[in-house]
Amino acid sequence: HMFSPTASINDYDVGMDGDFFLPISPESNWPTCPRCKNAARPAVLMFEDLDWVYNLNQEQRWRCWTHALVSLCKKRASNSNSDQSSKPSSPLKVCILEVGCGYNVPTCRRMSEVLVEELSYHGGEMKLIRVNLFHPEADDPSVEDDVISIPERGLVALKKIDEVYEHIRNSSSKLRNPEGNG
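Every value quoted in this text rests on a predicted model; they were computed, and no experiment measured them. (Residues numbered from 1 in each chain as written. Predicted model: local features only at pLDDT ≥ 70, side-chain atom pairs only at ≥ 80, totals over all residues. Heavy atoms only, no water.)

Some words on the overall build of the chain
When its secondary structure is counted, the chain shows three helices and five strands. Along the chain, helices (α) and strands (β) appear in the sequence β-β-α-β-α-β-β-α when read from the amino end. Counting every position in the chain, which comprises 182 residues, the buried fraction comes to 19%. Counted over contacts in the chain with a minimum sequence separation of 6, partners at least 24 positions apart contribute 39%. Carbon and sulfur atoms make up 56% of the accessible area of the chain, which totals about 14,000 Å². (Helix = DSSP H or I, 4+ residues; strand = E, 2+ residues; numbered from the N terminus. Buried < 20%, exposed > 50% of the residue type's maximum accessible area, 1.4 Å probe, protein only. Contact = heavy atoms within 4.5 Å. Areas by Shrake-Rupley, 256 points an atom, 1.4 Å probe, with all protein chains shown as cover.)

A short note on the nonpolar core
Soluble, globular proteins show a tendency: their nonpolar side chains are buried together. Core analysis: the largest hydrophobic core is formed by 14 residues, its most contacted members being Val94, Ile96, Val116, Leu119 and Met126. Residue contacts for Leu119: discarding those within four places in its chain leaves Leu69, Val70, Cys73, Val94, Gly124 and Met126. (Core = buried A, V, L, I, M, F, W, Y, C linked by side-chain atoms within 4.5 Å.)

Description of the packing of aromatic side chains
Where two aromatic rings form a pair, the distance of their centres and the angle of their planes describe that pair. Applying the stated criterion across every chain yields a total of one aromatic pair. Aromatic pair Trp62 and Trp65: ring centres 5.5 Å apart, planes at 40°, arrangement tilted. Residue Trp62 and its partner Trp65 are both found in helix 1 (residues 56-81); the two are separated by three residues, about one turn of the helix. A relative accessible area of 33% means that Trp62 is categorised as partly exposed. Of the residues examined, Trp65 reaches a relative accessible area of 43% and is grouped as partly exposed. (Phe/Tyr/Trp six-rings, centres within 6.5 Å; stacked < 30°, edge-to-face > 60°.)

Topic: the sheet that holds strand 5 (residues 147-150)
Read across the sheet, three strands follow the order 3-4-5 without closing on themselves; strand pairing throughout is parallel. Of all strands in the sheet, those bounded by a partner on one side alone are strand 3 (93-99) and strand 5. When strand polarity is set aside, the average angle formed by the axes of neighbouring strands in this sheet is 15°. Set on the sheet, helix 2 (residues 106-121) makes contact with strand 3 and strand 4 (125-131); between it and strand 4 the angle comes to about 165°. Strands in contact with helix 3 (residues 154-176) are strand 3, strand 4 and strand 5; relative to strand 3, the strand with the most contacts, it is inclined by about 145°. (Pairing = 2+ DSSP bridges. Axes fitted to C-alpha atoms, helices over the stretch in contact; angles between N-to-C directions.)

Structural notes on the confidence of the model for the chain
Looking at the chain as a whole, the pLDDT averages 80, with 75% of positions reaching at least 70. For the chain, per-element mean pLDDT is lowest for strand 1 (residues 13-14), which scores 43, and highest for strand 4, which scores 97. Taken together, the stretch residues 1-22 has pLDDT below 50 and engages in 24 contacts with residues farther than four places along the chain or on a different chain. (pLDDT = per-residue confidence, 0-100.)

Thoughts on the pairing of strand 3
Of the two faces of strand 3, only the one carrying Val94, Ile96 and Glu98 is buried; Lys93, Cys95, Leu97 and Val99 on the other face are not. At this point the chain moves from strand 3, through helix 2, to the parallel strand 4, and the crossover so formed is right-handed. (Right-handed = clockwise from strand over helix to strand, strands pointing away.)

Some remarks on a nonpolar patch on the surface
A surface patch of nonpolar side chains, amounting to about 420 Å² of accessible area, comprises Leu45, Trp52, Tyr54 and Leu56. Position of Leu56 among the secondary structure elements: in helix 1. (Patch = residues over 30% accessible without salt bridge, like charges linked within 9 Å, V, L, I, M, F, W, Y side chains within 5 Å. Salt bridge = Lys/Arg side-chain N within 4 Å of Asp/Glu carboxyl O.)

Points about the pattern of salt bridges
Side chains bearing opposite charge may pair, as long as their charged atoms lie close to each other. In this structure the tally under the stated criterion is seven salt bridges. A salt bridge links Glu59 to Arg63; its shortest N-O distance comes to 2.9 Å. Here Arg63 and Glu59 lie together in helix 1, a separation of four residues that amounts to about one turn. A salt bridge links Arg110 to Asp140; the nearest nitrogen and oxygen atoms lie 3.6 Å apart. On the criterion of sequence distance, the pair formed by Arg110 in helix 2 and Asp140 in the loop between strand 4 and strand 5 is long-range, its members being 30 residues apart. Residue Arg110 is classed as partly exposed on the basis of its relative accessible area of 39%. A single network of salt bridges, built from pairs that share partners, joins Glu98, Glu113 and Arg130.

Next up, the structure:
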């Protein structure tokens, strides 16, 4: 159950008890389950979510991905510290974008900060961009230098980030090609 950012409350079936349901139809742009063809939902535990099912495969993919990041940080750090004549590796640069995780979502906040701390420890260059209107700051003082706090609503912040990114991208493309051809 969630609201679309572009629809009004009148576009939804809202029951007397305040429950609401997305209007899902074959014409809508909504992902479907490849097996049962019903509306797909993320394997994310939401508040008071009675339909959530633990997903072992997702947990294993998360652990595999984080292990690969740690291994890559270690490898690049050891290559840059070696006395080889080859060009040293630059540190792995990782950015975590966390949107909307306030104090009511401490597990997500802690997981982001632990990953920042672990990858930094193993030689990675880390940034956690935390977008939260009321609580964008780091919880753990040991990672606060690696946290960029954006006190804004999620969609507004993402649009601003996109504008800045496009500006940087366009500026760098003009620097590479001042005449604008090719």
